[in-house]
Amino acid sequence: MDLLENENVENRHPWEIARVRIVSELIRNQNLEPCRWVDLGAGDQYVYEQLKHLGFFYLIDKQFERLSTTENSVMLHDLDGVDFSKVRGVLLLDVLEHVQDDEKFFSDLLKKADTGTIFFITVPAHQFLFSKHDQFLKHFRRYNNRTLKRILGGNKSSIVKCHYFFFSLFFVRALQKIMGMSESHKINAWKFSDSHIITKIIISILLLDYNACRLLSLIGINLPGLSMVSVVTKTS
C-alpha cells in the first residue's frame, strides 16, 4: 500500500490482496525463487510480507521515515545501496505512474540491472478513468497497451507479458466516472477482514477476472481492465 494511504489500516482491500497473489503466481512461473529482489515503492511493506519467503529484498521508498536492516531485507531511500549484480527480480507495482519521466526512469533502471533480470510491473489503466483518487496518490497518468509497451520495450528488454486485468472493476470505475459518482480516496476504507466471506468472494472473483483476461490476451482478445500487468526481461 502507498504510504499516503497507510493511515489507520485495519483491513486490506480485496484489490490489494488479489494483486499480490497474481504477482506471486507470475513469479512462480518464472522460476526465480529464491533470489535477491528490489521492491521499488515498497510503501508499508505489505507486498514484502507476502513474498519474503522468495529471498532477500532491497525495500526502496523515499517516504520511509525510518530505515532498518534484517537478515532478509534492507530498507533504503534510493537505489544507491543496491548491488544489482546479485538482483534477479524487480518489483514495480503501481510505481511508474508516480514518475514524471517514466520512460527515462525505466531506461535508467534497465542500465543498472544485469542481463536476465526480470521485472514485474503493474500500473493503473486507461487515462479517461483518471480521478480524484489518482490525484490524491500523486499519479501523473494512467496507461494503455500502446503507452506501456512503448516505455517497457526496447533493444535492451523483451516484453514477456503485457495485458489488462480486473475487467470487472473497470466497469465499476467507468460507471462512477460517467455518473459523476463520488469515490473513496483510500483503499484503506475497506470494512471487512481478510477472513470475512465478502472479502473472500470478491478476491475469488478478481482472480477469476485476472485469469479470464490473461487467457483471452493469449488469443489476441484484450479486454479493458482497471489495471495492467507486464513481465519484462533485460536482454542485453
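Small disclaimer: the values here were computed from a predicted structure and weren't measured.

**Focus on the side chain of lysine 234**
Looking at the secondary structure, you find lysine 234 in strand 7 (residues 227-234). Although buried, lysine 234 forms no salt bridge, and the nearest oppositely charged side chain, aspartate 114, lies 6.4 Å from it. A polar atom in the side chain of lysine 234 sits 2.6 Å from the backbone oxygen of leucine 110. In this structure lysine 234 touches Leu110, Lys111, Ala113, Asp114, Thr115, Gly116, Thr117, Phe119, Lys156 and Ser157, once residues within four positions along its chain are discounted.

**Concerning the sheet that holds strand 5 (residues 118-124)**
In spatial order, the strands read 3-2-1-4-5-7-6; together these seven strands make up an open sheet with mixed pairing. Looking at the sheet topology across the chains shown, the edges are occupied by strand 3 (73-76) and strand 6 (157-165). Neighbour-to-neighbour, the strand axes of the sheet open up by a mean angle of 15°, direction not taken into account. Strand direction decides the pairing type here: strand 4 (residues 87-93) and strand 5, joined by five bridges, are parallel.

**Looking at the pairing of strand 5**
In terms of burial, strand 5 is a largely internal element, seven of the seven residues being buried. Burial along strand 5 is two-sided: the face carrying Ile118, Phe120, Thr122 and Pro124 and the face carrying Phe119, Ile121 and Val123 are both buried. When strand 5 meets strand 7, the two strands line up antiparallel, connected through seven bridges. Residue pairing across strands places isoleucine 118 opposite threonine 233, the latter belonging to strand 7.

**Observations concerning the pattern of salt bridges**
Evaluated as defined, the whole model comprises nine salt bridges. Across the salt bridge formed by arginine 12 and aspartate 44, the nearest N and O atoms sit 2.7 Å from each other. Placement of the pair is arginine 12 in the segment before helix 1 (14-30) and aspartate 44 in the loop between strand 1 (35-40) and helix 2 (46-51), with a sequence separation of 32 residues. As far as the burial class goes, arginine 12 and aspartate 44 line up, both buried. For glutamate 103, the salt bridge is made with arginine 150, and the minimal N-O distance between the two is 4.0 Å. Here glutamate 103 is found in helix 3 (residues 102-112), whereas its partner arginine 150 is found in helix 5 (residues 145-152), with 47 residues between them in sequence. Residues joined by salt bridges that share partners form a network here, namely Arg12, Glu16 and Asp44.

**Structural notes on helix 7 (residues 197-218)**
Along its 22 residues, helix 7 runs 32 Å from first to last C-alpha, staying within 8% of the 32 Å computed at 1.5 Å per residue. Among all positions in helix 7, only Thr199, Ile203, Leu206, Asp209, Tyr210 and Cys213 are buried. On an axial view of helix 7, the arc spanned by its buried residues comes to 120°, and they lie on one face. Summarising the geometry of helix 7, the exposed residues directed more than 90 degrees from the buried face are Ile197, Leu208 and Leu218. Taken together, the buried residues of helix 7 touch helix 1, strand 6, helix 6 (167-179) and strand 7. Glycine 220 sits one or two residues past helix 7 and shows a positive phi near 85°.

Reading guide: rules and limits
Numbering of residues starts from 1 in every chain and runs along the sequence as written. Thresholds applied to this predicted model are a pLDDT of at least 70 for local features of residues and 80 or more for the giving and counting of side-chain atom pairs; totals over whole chains, interfaces and linings are not thresholded and use all residues. Only hydrogens and water are removed before side-chain values are computed, so all heavy atoms of the structure are retained for them. In this description a helix means any DSSP run of H or I spanning at least four residues, a strand means any run of E spanning at least two, and both kinds are numbered starting from the N terminus. For every residue, the accessible area obtained with a 1.4 Å probe (protein chains only) is divided by the maximum for its type, and the residue is called buried under 20%, exposed over 50%, and partly exposed between those limits. When charges are counted, Lys and Arg are positive and Asp and Glu negative, with His and the chain ends excluded. For this document, the term salt bridge refers to a Lys or Arg side-chain nitrogen within 4 Å of an Asp or Glu carboxyl oxygen. Definition of a polar contact: a pair of N or O atoms within 3.5 Å, with one able to donate and the other able to accept a hydrogen when the atoms are protein atoms, and with sequence-neighbouring residues admitted only if both atoms are side-chain atoms. For this analysis, residues touch if any pair of their heavy atoms sits within 4.5 Å. Note on pairing: DSSP must find at least two bridges between two strands before they are called paired. In this analysis an axis means a line fitted to C-alpha atoms, helices contributing only their contacting stretch, and an angle means the value between N-to-C directions, from 0 to 180 degrees. Expected span, for any helix, means 1.5 Å times one less than how many residues it has. The arc in question is traced by the directions running from the helix axis to the C-beta atoms.

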